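Observations on chain architecture
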There are 2 protein chains.
Amino acid sequence: MPDSWIDLPRDAEFGLATLPYGVFSTGGDGATRVGTAVGAHVLDLGAAARATGSPHADLLGAPNLDALLAAGRPVWDRVRADLVEWLTDPAHEAAVRPHLVDRDAVRLHLPFTVADYVDFYASEHHAANVGRMFRPGQEPLTPNWKHLPIGYHGRSGTIVASGTDIVRPTGQRKSPDDPAPVFGPSVRLDIEAEVGFVVGTPAPMGGRVAVDGFPDHVFGVFLLNDWSSRDLQAWEYVPLGPFLGKSFATSVSPWIVPLAALESARVEQPAQDPEPLPYLRGSAPWGLDLRLEVRLNGHPVSRPPFSQMYWTAAQQLAHMTVNGASLRTGDVYASGTVSGPEPGQRGSLLELSWSGKEPLRLPDGTERSFLEDGDEVVITATAPGPDGTVVHFGEVTGRILPAV
Amino acid sequence: MPDSWIDLPRDAEFGLATLPYGVFSTGGDGATRVGTAVGAHVLDLGAAARATGSPHADLLGAPNLDALLAAGRPVWDRVRADLVEWLTDPAHEAAVRPHLVDRDAVRLHLPFTVADYVDFYASEHHAANVGRMFRPGQEPLTPNWKHLPIGYHGRSGTIVASGTDIVRPTGQRKSPDDPAPVFGPSVRLDIEAEVGFVVGTPAPMGGRVAVDGFPDHVFGVFLLNDWSSRDLQAWEYVPLGPFLGKSFATSVSPWIVPLAALESARVEQPAQDPEPLPYLRGSAPWGLDLRLEVRLNGHPVSRPPFSQMYWTAAQQLAHMTVNGASLRTGDVYASGTVSGPEPGQRGSLLELSWSGKEPLRLPDGTERSFLEDGDEVVITATAPGPDGTVVHFGEVTGRILPAV
């Protein structure tokens with residue numbers, strides 16, 4: 001990849017290997033615009049497209065990513081090639097440079113309109129840890145777990161942008177010893193470090209998407225914190241699954257990393273045994289070597305390896321549509337908690353504190369089993385880019401406010 | 001209520017007691033318009049509003065109900081009063097009559113943009129029947145069932161208008177005797193006769209809606225068929241709930257009956273024991289005396305009484321928001337299968353055929369345990385209106401096409 005005319009250190013957080021898409025506003029009128037993060041800047045893509053005479057000025061001049069998502073893979077590829085050209089060809093500098101904004105000066109927003117939201121459960125280590133804690137003495141994994149990517153629908157309306165404060169949820173809980181349920185603020189508030197995927201190209205009802213159709217439909221990848229109230233969830237979830245224990249808030253990172261930025265991060269997924277049914281098989285690997293980090297009040301507490309996920313996002317997409325369900329532009333699906341095999345690779349406090357039995361000791365001298373009011377959680381990730389570069393995902397953050 | 005200048009027999013399907021809202025198109029340009037059903041007609045409400053100089057001509061002239069839903073209770077009440085006036089005051093006849101369209105000549109559409117979709121499980125009889133079939137020898141109801149309205153999120157993107165053909169879904173199933181899951185078309189395809197509610201007035205995150213806030217937020221009521229693949233569902237649903245067994249399609253009736261039409265249908269719900277927590281208590285009854293009928297290939301097979309539902313829609317709304325979750329205009333929630341205490345009041349074939357052990361004998365000489373290709377299901381409902389009138393819900397219909 002050629003160098004940029006921008007002063008971009010090789011280890012810049014957002015180099016030319018990433019070029020993610022987001023939606024930003026600056027002080028003034030609060031109007032939202034589509035941009036890409038590059039080094040210390042955000043490039044206003046609508047303005048740059050107009051200044052360079054791009055045929056995609058309408059798409060990029062929209063107030064969010066919806067139109068770009070709907071435009072489909074060939075347009076996504078052309079726009080990404082344009083971005084590289086604008087930022088590397090000195091002939092474009094005069095037209096483009098005026099549309100760079102200081103990244104510290106922008107506010108970032110939820111970048112697209114969320115249609116449906118599905119949350120999967122694709123880490124064998126996470127599912128087995130949860131099974132050992134919740135169903136001791138039984139097989140850690142349910143009998144279906146290795147045959148299909150288990151998932152459920154979540155609440156789209158409470159997906160919020162990174163940085164949104166999270167108010168501690170209130171509801172019913174009942175421990176086995178309580179004679180009746182108790183009402184009040186959740187006392188086991190948790191995170192789930194996950195990776196999210198957003199659908200661009202829709203599919204009609206009955207238009208099953210094969211595993212190999214993944215890159216034709218999925219636009220990009222981001223980070224997601226699936227805030228979870230373990231006490232609400234434990235009491236409510238039999239027999240129809242999680243509901244209020246999850247629906248109060250889900251935070252997403254503001255920069256959508258296009259699938260094209262992750263070619264160098266593609267790896268074989270872990271071996272699958274038993275072999276999945278044919279509709280869950282593809283011809284190319286879609287494991288992704290994303291390296292997550294979870295920080296609690298500034299202290300790294302976990303480094304979950306996304307490469308260890310049992311089910312890939314391509315398999316999840318094929319599963320989600322095999323029954324005839326349609327896809328809409330803006331459909332989001334998430335991986336489920338990313339947990340690796342090692343204790344320091346677990347993506348939830350539930351696992352990190354082993355359900356509160358082994359509280360985390362933080363370097364500031366405090367202990368945590370679950371989140372306390374005022375706690376701040378930051379999840380970041382990187383992935384290998386081409387030629388030794390690093391793709392950055394930015395971060396998804398949130399701070400816990402007391403229940404009201 | 002005064003008489004209409006329209007020739008409206010007292011037993012007309014849509015008399016002045018109902019005045020539901022829907023979205024229709026006529027041949028020509030296919031443009032969709034907001035209308036109300038009245039007798040054999042649909043009144044084009046945008047055109048009528050313009051012709052009468054209504055201040056709501058913009059809302060009613062929209063291509064769907066979204067703007068009316070968002071307008072809130074005071075506007076809903078004024079618009080309904082206007083409709084009655086237009087249709088009863090002879091002074092309006094000349095302006096309004098030209099905008100009546102033959103109801104047989106219109107095509108009806110999904111009337112609003114669906115935001116989130118939640119499905120509850122509020123019939124004690126249904127939940128107990130399912131428990132007896134699926135967990136024999138155990139308590140029919142799970143321990144949480146009488147403490148909270150159990151619900152889960154469904155797929156908004158596959159909510160379809162009544163009359164849409166339903167393609168038999170395909171997926172994995174595994175009976176206890178199978179050594180491994182089998183892939184293919186569902187062999188236990190079912191209905192669930194339900195009642196749906198649509199949110200008009202939104203609520204912000206943290207803006208908990210009390211039970212008594214129900215009529216301020218919910219615009220109206222309709223019928224819903226939650227098509228269910230019992231074999232897909234049985235294999236997938238532990239531990240995170242139903243997913244592909246439900247997400248292929250959900251059909252809704254096209255006429256939204258405003259809450260104001262159901263004042264005479266309000267009844268006390270069944271006694272609740274134990275008494276629910278305070279946030280699930282209200283000061284006025286929101287049981288609703290809706291009388292459903294399910295017809296299979298023209299033959300009535302069930303008459304589920306909605307008045308017997310253990311949890312009301314007002315309690316469900318309070319529960320759904322108690323954890324801080326927001327509401328959006330267009331959020332849909334459904335009651336769960338409506339089943340009464342008698343065998344002829346069960347709202348699913350699973351219960352009517354007792355999981356296939358007691359197939360239904362239809363008057364045409366055929367038997368059914370689950371749906372066969374070509375089967376058509378029609379769900380209708382009525383409710384008591386004021387002064388001995390009857391409120392009609394129209395119907396939700398769908399026909400099963402073979403798997404592809």
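Note that the coordinates shown come from a computational prediction; the quantities given were computed from them, not determined experimentally.

Considering the relation of the copies chain B and chain A
- Take chain B, turn it by 180 degrees, move it 0.0 Å along the axis, and it overlays chain A with an RMSD of 0.0 Å. Here the symmetry operator amounts to a two-fold rotation axis. Among all C-alpha atoms of chain B, that of Gly-241 of chain B lies closest to the rotation axis, at 2.1 Å.

Overview of the UniProt feature "domain: Fumarylacetoacetase N-terminal" (unreviewed entry) in chain A
- Sites flagged by UniProt as "domain: Fumarylacetoacetase N-terminal" (unreviewed entry) map to residues 18-111 of chain A.
- In this annotation, residues 18-111 of chain A is assigned 44% helix and 22% strand; the end-to-end C-alpha distance for the span is 17 Å.

Focus on the side chain of Arg-80 of chain A
All names here are of chain A.
- Residue position: Arg-80 is located in helix H4 (residues 73-88).
- Despite being buried, Arg-80 has no salt bridge partner; Asp-77 is the closest side chain of opposite charge, sitting 7.0 Å away.
- Side-chain polar atoms of Arg-80 contact the backbone oxygen of Ala-17, separated by 3.1 Å.
- Among the polar contacts listed, one links the side chain of Arg-80 to the backbone oxygen of Thr-18, at a separation of 2.9 Å.

Looking at the layout of surface pockets
- The space that makes up the largest pocket amounts to roughly 790 Å³.
- In terms of lining, the largest pocket is formed by 27 residues, of which the most central are Lys-174, Ser-175, Pro-176, Ala-234 and Trp-235 of chain A.
- Secondary-structure elements contributing two or more residues to the lining of the largest pocket are helix H6 (124-134) and helix H8 (230-236) of chain A.
- When residues in the lining of the largest pocket are grouped by element, the largest group, four residues, is from H8 of chain A.
- Within the lining of the largest pocket, the residues separate by chemical class into 11 nonpolar, five polar and 11 charged.
- Quantified by volume, the second largest pocket comes out at close to 620 Å³.
- Along its surface, the second largest pocket is lined by 18 residues, and Lys-174, Ser-175, Pro-176, Ala-234 and Trp-235 of chain B are the ones closest to its centre.
- The element best represented in the lining of the second largest pocket is helix H8 (residues 230-236) of chain B, accounting for four residues.
- The residue makeup of the lining of the second largest pocket, split by class, is seven nonpolar, four polar and seven charged.

Topic: the pattern of salt bridges
- Considering all chains together, one arrives at 42 salt bridges over all chains under this definition.
- A salt bridge links Arg-155 of chain A to Asp-331 of chain B, with the shortest nitrogen-to-oxygen separation between them at 3.0 Å. A residue pair is termed interchain when its members come from two chains, as with Arg-155 of chain A in the loop between strand S7 (151-153) and strand S8 (159-161) and Asp-331 of chain B in the loop between helix H10 (313-322) and strand S22 (332-334). Judged on exposure class, the residue Arg-155 of chain A and its partner Asp-331 of chain B are both buried.
- Taken together, the shared-partner salt bridges in this structure form one network comprising Asp-190, Glu-192, Asp-226, Arg-230 and Lys-246 of chain A.

Details of the pairing of strand S25 (residues 376-384) of chain B
All names here are of chain B.
- Sheet analysis places strand S20 (residues 291-296) next to S25, joined by six bridges and oriented antiparallel. Bridging from a neighbouring strand, Leu-296 pairs with Val-377 of S25.
- The sheet contact formed by S25 and strand S26 (residues 390-401) spans eight bridges and is antiparallel. Its bridge partner lying in S26, Thr-382 is registered against His-392.
- Between S25 and S26, which pair antiparallel and follow one another directly, the connecting turn spans five residues, one of which, Asp-387, has a positive phi of 55 degrees.

Remarks on the sheet that holds strand S9 (residues 166-167) of chain A
All names here are of chain A.
- Spatially, five strands are ordered S9-S26-S25-S20-S21 in an open sheet, and the strand pairing comes out mixed. Here the strands that pair on one side only, and so sit at the sheet edges, are S9 and strand S21 (299-302).
- Pairing analysis gives three bridges linking strand S20 (residues 291-296) to S21, with the strands arranged antiparallel. When the sheet's bridge partners are listed, Leu-296 is paired in S21 with His-299.

Description of the environment of Gly-206 of chain B
- Within the secondary structure, Gly-206 of chain B is located in the loop between strand S13 (193-199) and helix H7 (214-217).
- The class for Gly-206 of chain B is partly exposed, based on a relative accessible area of 42%.

What to know about the nonpolar core
- Judged by nonpolar contacts, the single largest core of 81 residues is most densely connected at Phe-197, Phe-214, Leu-262, Leu-290, Leu-292, Tyr-333 and Phe-393 of chain B.
- No other element matches H10 of chain B, which puts six residues into this core.
- With near-sequence residues (within four places) excluded, Leu-292 of chain B lies in contact with Ala-193, Glu-194, Val-195, Leu-223, Ser-302, Arg-303, Pro-304, Phe-306, Val-338, Ile-379, Thr-380 and Ala-381 of chain B.
- If you look at the next biggest cluster of nonpolar residues, it comprises 80 residues, including Val-221, Val-257, Leu-360 and Val-391 of chain A.

Comments concerning the UniProt feature "binding site: Ca(2+)" (unreviewed entry) in chain A
All names here are of chain A.
- UniProt's entry tags Asp-119, Glu-192, Glu-194 and Asp-226 with the feature "binding site: Ca(2+)" (unreviewed entry), counted in the numbering of this structure. Despite a sequence span of 108 residues, these residues sit close together in the fold, their greatest C-alpha distance being 10.9 Å.
- Setting aside residues no more than four positions away along its own chain, Glu-194 makes contact with Asp-119, Phe-222, Leu-223, Leu-224, Asp-226, Leu-292, Ala-334, Ser-335, Gly-336, Thr-337 and Val-338.
- Counting through the fold element by element, Asp-226 comes out in the loop between strand S14 (218-225) and strand S15 (228-229).
- Those residues in contact with Asp-226 that lie beyond four places of it in its chain are Tyr-117, Asp-119, Tyr-152, Ile-191, Glu-192, Glu-194, Lys-246 and Thr-250.

A word on the side chain of Ser-54 of chain B
Residues and elements named next belong to chain B.
- Among the structural elements, Ser-54 can be located in the loop between helix H1 (45-52) and helix H2 (57-60).
- Under the relative-accessibility criterion, Ser-54 is labelled buried at 11%.
- Setting aside residues no more than four positions away along its own chain, Ser-54 makes contact with Ala-49, Asp-82 and Trp-86.

A few points about the sheet that holds strand S4 (residues 100-102) of chain A
Residue and element names in this part refer to chain A.
- Overall, antiparallel pairing links the five strands, which are arranged S4-S3-S2-S1-S5 in an open sheet. Each edge of the sheet is formed by a strand with only one pairing partner; in this case those strands are S4 and strand S5 (107-109). Pairwise comparison of adjacent strand axes, ignoring direction, gives a mean angle of 50 degrees for this sheet.
- As paired strands, strand S3 (residues 41-44) and S4 are joined by three bridges and run antiparallel to one another. When the sheet's bridge partners are listed, His-41 is paired in S4 with Asp-102.

Each value, and the rule that gives it
Residues numbered from 1 in each chain as written. Chains lettered and ligands numbered in written order. Predicted model: local features only at pLDDT ≥ 70, side-chain atom pairs only at ≥ 80, totals over all residues. Heavy atoms only, no water. Least-squares fit on C-alpha atoms with pLDDT ≥ 70 in both. UniProt positions renumbered as here; feature names shortened; annotations may be inferred. Helix = DSSP H or I, 4+ residues; strand = E, 2+ residues; numbered from the N terminus. Buried < 20%, exposed > 50% of the residue type's maximum accessible area, 1.4 Å probe, protein only. Lys, Arg positive; Asp, Glu negative; His and termini not counted. Salt bridge = Lys/Arg side-chain N within 4 Å of Asp/Glu carboxyl O. Polar contact = N/O pair within 3.5 Å; in protein donor to acceptor, adjacent residues only side chain to side chain. 1 Å grid on protein atoms, 1.4 Å probe; cavity = no way out; pocket = protein on both sides within 12 Å on 5 of 7 lines; lining within 4 Å. Points joined across faces, edges and corners; volume = space filled by probe spheres on them. Nonpolar A, V, L, I, M, F, W, Y, C, P; charged D, E, K, R; others polar. Pairing = 2+ DSSP bridges. Core = buried A, V, L, I, M, F, W, Y, C linked by side-chain atoms within 4.5 Å. Contact = heavy atoms within 4.5 Å. Axes fitted to C-alpha atoms, helices over the stretch in contact; angles between N-to-C directions.

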